[in-house]
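# Observations on the model geometry
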Amino acid sequence: EEADYRGDRFKDFNAIDANGVPVSLKGNNDLLIFSKPDLVKDIHKEYFAAGSDICETNTFNGTGISQAEYKMQEVVYEMNKVGAELAKKAAAEVTKAEPHKPRFVAGAVGPTSRTLSVSPSVEDPSFRNVTWDELVESYVEQIGGLVDGGVDLLMIETIFDTQNAKAAIFAVDEYFERTKKERLPVMLSATIVDNSGRTLSGQTIEAFYISVKHAKAFTVGINCALGAAQMKKFYKMLCDMNTGWCHVYPNAGLPNAMGGYDEDPDIFSNNLYDYAKDGLLNFVGGCCGTFPSHIKALADRVKECKPRQLPELPKYPVMQLSGLEPCILTPEKGFQLVGERCNLMGSAKFKKLVDAYKWDEAMEVCLAQCEKKADILDFNFDSDLIDGQSAMGKFMRLCVTEPNVARLPFMIDSSKWPVIEEGLKCVQGKSIVNSISLKVGEEEFLRQAKLVMRFGAAVVIMAFDEQGQAATFEDKVRICQRSYKLLREKLNFPPEDIIFDCNVLTIATGLPEHNGYGIDFINAVAEIKRTCPCVSFSGGLSNLSFSFRGLNSVRDAMHSVFLYHCIPKGLNMSIVNPGGLPRYEDIDENTRKLCEEVILNKSADGNHVERFLEFAERVKNPPAVVAAPAGPVLKIQKSTPEQQKAHFASLKLEVTCSAEHVMPE
C-alpha cells in the first residue's frame with residue numbers, strides 16, 4: 001500500500017504533479033530500499049540461497065529521469081548507494097556460510113521510460129522527450145551511487161531501445177574517466193518484444209549486438225519479454241555472433257490475462273535445460289515471474305551441463321555495421337554503395353529542400369536511394385544557410401523512425417566535429433563517421449577517434465596531416481600508415497573499423513602534375529591494404545572528374561572505369577549516386593579505352609590527356625553530321641540498379657594482407 005512505500009522517511013511527502021494532483025509513491029519499487037530495507041535484503045538472500053551467483057540491486061528505475069515521475073530525483077544517488085549496500089550485505093552473509101561459492105552483486109541499470117529512437121508524438125516523428133545528454137548525465141548519477149555502494153559489476157538490462165543502452169554505456173565510460181576508478185565489468189541485456197525477434201526500437205538481435213559491441217561487455221544476452229521456449233532461436237542468433245560470453249534470463253513464460261506468469265519451476269527449468277544441453281549457456285537466470293524456487297530448480301537442472309565454448313577469433317576480423325539490420329562487410333559481400341543524395345554537396349535538390357526546411361520531401365530523396373540499392377546512406381548538412389548541427393539532429397531523428405531508411409547503416413558526414421557528435425547522439429545503429437584526420441594534430445585526432453570508439457562507430461580517416469593533403473602515392477601511404485599506427489598503439493582502435501580515404505583528386509586538367517593522381521590513388525590503396533590489417537577504403541568519386549562538370553555522361557564513364565580498377569585493389573565502398581553508375585560493359589569500348597588511359601596515366605604515345613580533352617570537347621559539342629558507321633561519340637547502355645549493384649559486387653579483391661597486427665602500447 002501507499003504507506004509501505006512511504007515508510008517513516010516519506011510519510012509527510014506532499015508533492016503535487018503537473019496536473020495539480022498529489023503524487024502517489026505506490027509502485028515506486030526502488031523506494032522500498034528506504035522504507036523496507038530488511039525486506040529487500042532478505043529477498044536478495046533468498047535468491048542467493050537458492051543458487052544464484054549474481055543478484056541485481058533493486059534499482060531498475062534508479063535514474064533521475066525515472067524517479068522524476070515520483071518527484072524523487074533528489075534521492076537517486078542515495079537510493080543506488082543504499083540499494084547496492086543491501087545487496088552486498090546479503091551476498092556477504094551467504095558467502096560467509098558458503099565460502100566455496102562467492103556471491104556477486106550486479107548494479108541494475110534499467111532503460112527508463114523515455115526513448116531516444118521513438119517519438120512520443122504522432123504529429124512530429126522528430127520529437128523526443130529526452131536528449132542523449134540528459135540520459136547520459138542521469139545514468140552517470142546512478143552509476144556513481146551503485147559503484148560507491150560496492151557493486152561488483154553493472155547490468156544494463158531490459159534494453160528496448162539500443163540508443164538508450166548506448167547512452168548508458170557512454171555514461172559508464174564517462175563516470176570512470178571522471179573518477180579515475182577502475183572500470184567495472186558491464187553486462188548488456190536486450191529484450192525482444194515479440195516473435196519478430198526485434199527490440200521495441202526495431203533492431204534485430206544481430207544488429208543490436210553490432211551496435212553495442214564497442215562496450216566490450218562481460219556478457220551480452222537477452223532477458224524478459226518472451227519465455228524461454230519462444231526466445232531460443234533469437235538467443236541462438238546472438239550466440240552465433242557473440243565472440244564473448246552470452247547470457248539469458250527469460251520470464252516464466254508469456255504473461256497471462258491477469259498479468260501473471262504460468263510456468264512453474266519444473267517447466268521453467270526444463271525449457272532452459274534445452275539451451276544447456278545444446279551448449280548455449282554461459283550465464284542463465286530468471287526475470288519476471290521467477291521466484292527463488294525457479295532459480296533452485298534451474299540451478300539443479302543445468303549443473304551437469306557444459307558451458308558454451310567461446311568461438312575462435314579470426315585473425316583478420318571484418319567491419320560490422322548496423323541499422324535496424326546487420327551489415328557485415330565480408331569479402332563476398334563486395335563493393336558497398338554509399339548513397340550521396342542526402343549530402344548538401346552531393347545533391348542540389350536535397351540542398352534546396354533542406355534550406356527550405358521541407359523535411360518530408362527531403363525524406364523522399366532518402367527513400368529513393370534505398371530503392372536504388374544503396375548499402376549505406378551518407379548524410380551531410382554543412383551549409384552557410386542553416387544550422388548544420390540542429391539540421392543533422394532533426395533529420396537523423398526522422399530517419400530512425402522510417403523503417404526503410406533506418407534498416408541501413410548511416411554515414412555521419414561533416415567537416416565540423418559538433419555536427420558529427422549530434423548525429424551520433426541520434427542513431428542506434430553502428431554508423432560511420434566521415435571524417436577525421438591528422439590535419440588537426442595528433443592530440444585532437446586521437447581525442448576525436450576516442451569519442452568515435454565511445455559512440456560505437458567506425459571512422460573514415462582522410463589522408464591529411466599537419467602539412468596538408470596527400471597528393472602523391474608516397475604521401476598517401478605515409479600518412480595513412482602513420483594514422484593507423486597511432487590509432488592502434490595509442491587507443492587500441494579496432495582495425496576493422498578504420499576506413500581510409502586516400503583522396504581521389506582531379507585528373508585530366510591539362511596540368512601535368514595532376515596526370516598521376518588516379519593511378520597514385522589506386523596504388524596507394526593496394527599498398528595500404530597489404531600493410532594495414534583489416535582496413536577498408538572509401539573515396540569521393542566526383543573529385544576525379546571535376547574538370548568535366550556539366551558532362552555527366554563523361555563523368556559517369558570515368559567513375560565506372562575508375563571503380564573497375566580500384567575495387568580489385570581494395571576499395572570496398574564509395575560515395576555514389578545509387579542506380580546512376582553504369583557497369584564497365586555498359587560503356588562503349590572506345591570510351592573505356594580513353595578513360596583507362598587517363599586514369600592509369602599510360603598510353604603508347606603519351607598523348608592520352610590531350611586525346612581525352614579532345615574527346616570531352618566532342619561530347620560537349622558533337623559534330624553536326626555523324627557518319628552512320630561511326631555512331632555517337634560516347635555511348636552508355638542502360639542498366640538497372642540491381643544489375644549495377646551485382647556488377648560492382650562481382651569485382652573480386654586481388655590484394656591480400658599478411659601483415660601482423662600493430663599492438664596497443
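Data block above holds the structure.
First things first, this report covers the structure right here in the doc. All of these numbers come straight from a predicted model, not from anything done at the bench.

What follows deals with the overall build of the protein chain. Across its full length, the protein chain holds 23 helices and 19 strands. In terms of C-alpha radius of gyration, the protein chain reaches 29 Å, essentially the compact-globule figure of 26 Å for 665 residues. Taken along the three principal axes of its C-alpha coordinates, the protein chain extends 95 × 60 × 50 Å. In the protein chain, the share of contacts with a sequence separation of at least 24, taken over all contacts with a separation of at least 6, comes to 75%.

Attention now goes to the environment of Ala165. Among the structural elements, Ala165 can be located in helix 7 (residues 162-179). Distance in space between the C-alpha atoms of Ala165 and Gly110 is 9.0 Å, their sequence separation being 55 residues. Among all residues touching Ala165, those that are not within four sequence positions of it are Ile156 and Ile159.

A few words on the sheet that holds strand 2 (residues 104-109). Strand order across the open sheet formed by 7 strands is 1-2-3-4-5-6-7, with parallel pairing between neighbours. The sheet is open, and its two borders are formed by strand 1 (54-56) and strand 7 (283-284), each paired with just one other strand. The pairing of strand 2 with strand 3 (residues 153-159) spans 4 bridges and is parallel. Looking across to strand 3, one finds that Val109 is bridged to Ile156. Across the sheet, helix 7 touches strand 3 and strand 4 (186-190), and the angle it forms with strand 3 is around 165 degrees. Along the sheet face, helix 10 (residues 265-277) touches strand 6 (245-251) and strand 7 and points at about 155 degrees away from the line of strand 6.

What follows concerns the side chain of Glu340. Inspection of the secondary structure assignment puts Glu340 in strand 10 (residues 336-343). Using a relative accessible area of 15% as the deciding quantity, one classes Glu340 as buried. Here Glu340 is in contact with Gly346, Gln369, Ile575, Val576, Asn577 and Pro578, once residues within four sequence places are set aside.

Tracing the backbone shows Arg555 in helix 20 (residues 552-566). Buried Arg555, no salt bridge; nearest opposite-charge side chain is Asp556, N-O distance 7.0 Å. When sequence neighbours within four positions are dropped, the list of residues in contact with Arg555 reads Ser542, Ser545, Phe546, Phe548 and Arg549.

Within strand 6, 6 of the 7 residues are buried, which leaves it mostly tucked inside the rest of the structure. Bridge analysis of strand 5 (residues 219-227) against strand 6 gives 7 bridges, and the strand direction is parallel. For Ile222, the partnering residue across the bridge sits in strand 6 and is Val248. Between the parallel elements strand 5 and strand 6, the chain passes through helix 9 (residues 228-241) in a crossover that is right-handed. By the bridge criterion, 2 bridges tie strand 6 to strand 7 in an arrangement that is parallel. When the bridges of strand 7 are listed, His247 appears paired with Phe283.

To continue, consider the environment of Asn282. Residue position: Asn282 is located in the loop between helix 10 and strand 7. Residues Asn282 and Gly441 lie 159 residues apart in sequence; the distance between their C-alpha atoms is 44 Å. Residues in contact with Asn282, not counting those within four places in the same chain, are Tyr235, Gly244, Trp245, Cys246, Pro307 and Arg308. Within polar-contact distance, the side chain of Asn282 engages the backbone nitrogen of Cys246 at 2.9 Å. Looking at Asn282, its side chain comes within polar contact range of the side chain of Arg308, at 2.9 Å.

A few words on helix 12 (residues 348-355). Each full turn of the α-helix corresponds to 3.6 residues, which orients residues three or four apart in the same direction. Residues of helix 12 that are buried: Phe350, Leu353 and Val354. Mapping the buried residues of helix 12 onto a view down its axis gives an arc of 95 degrees, with all of them on the same face. Turned more than 90 degrees from where helix 12 packs its buried face, Ala348 and Lys352 sit exposed. If you follow the buried residues of helix 12, they end up packed against strand 10, helix 13 (359-371) and helix 14 (388-399). Where helix 12 ends, the next residue or the one after it, Tyr357, has phi of about 60 degrees, a positive value.

Next up on the list: the nonpolar core. Ranked by size, the top nonpolar core spans 170 residues in total, and within it Phe379 and Phe395 carry the most contacts. The element best represented in this core is helix 7, accounting for 9 residues. Once you skip the residues sitting within four places of it in the chain, Phe379 turns out to touch Cys342, Cys366, Met392, Phe395, Met396, Cys399, Phe410, Met411, Ile412 and Asp413. Counting 16 residues, the second-largest nonpolar core is a separate cluster that includes Tyr5, Val23, Leu32 and Ile33.

Note on aromatic pairs: each is described by the distance of the centres and the angle between the planes. The tally for this structure, following the rule as stated, stands at 22 aromatic pairs. Within the aromatic cluster, the residues linked to one another by ring pairs are Phe350, Tyr357, Trp359, Phe379, Phe381, Phe395 and Phe410. Above the face of the Phe464 ring, Lys439 is positioned so that its terminal group lies 4.8 Å from the ring centre.

Taking strand neighbours across the sheet as the criterion, the 8 strands line up as 18-17-14-13-12-11-10-19 in an open arrangement whose pairing is parallel. Edge positions in the sheet fall to strand 18 (536-538) and strand 19 (573-576), since each has one partner strand and no second. Across this sheet, the average inter-strand angle for adjacent strands is 30 degrees, counted without regard to direction. Here strand 10 runs beside strand 19; their pairing, made up of 4 bridges, is parallel. Bridge pairing in strand 19 links Gln336 to Met573.

Analysis parameters
- Residues numbered from 1 in each chain as written.
- Predicted model: local features only at pLDDT ≥ 70, side-chain atom pairs only at ≥ 80, totals over all residues.
- Heavy atoms only, no water.
- Helix = DSSP H or I, 4+ residues; strand = E, 2+ residues; numbered from the N terminus.
- Rg over C-alpha atoms; globule rule 2.2 N^0.38 Å.
- Contact = heavy atoms within 4.5 Å.
- Pairing = 2+ DSSP bridges.
- Axes fitted to C-alpha atoms, helices over the stretch in contact; angles between N-to-C directions.
- Buried < 20%, exposed > 50% of the residue type's maximum accessible area, 1.4 Å probe, protein only.
- Lys, Arg positive; Asp, Glu negative; His and termini not counted.
- Salt bridge = Lys/Arg side-chain N within 4 Å of Asp/Glu carboxyl O.
- Right-handed = clockwise from strand over helix to strand, strands pointing away.
- Polar contact = N/O pair within 3.5 Å; in protein donor to acceptor, adjacent residues only side chain to side chain.
- Arc of directions from axis to C-beta.
- Core = buried A, V, L, I, M, F, W, Y, C linked by side-chain atoms within 4.5 Å.
- Phe/Tyr/Trp six-rings, centres within 6.5 Å; stacked < 30°, edge-to-face > 60°.
- Lys NZ or Arg CZ within 6 Å of the ring centre and 35° of its normal.

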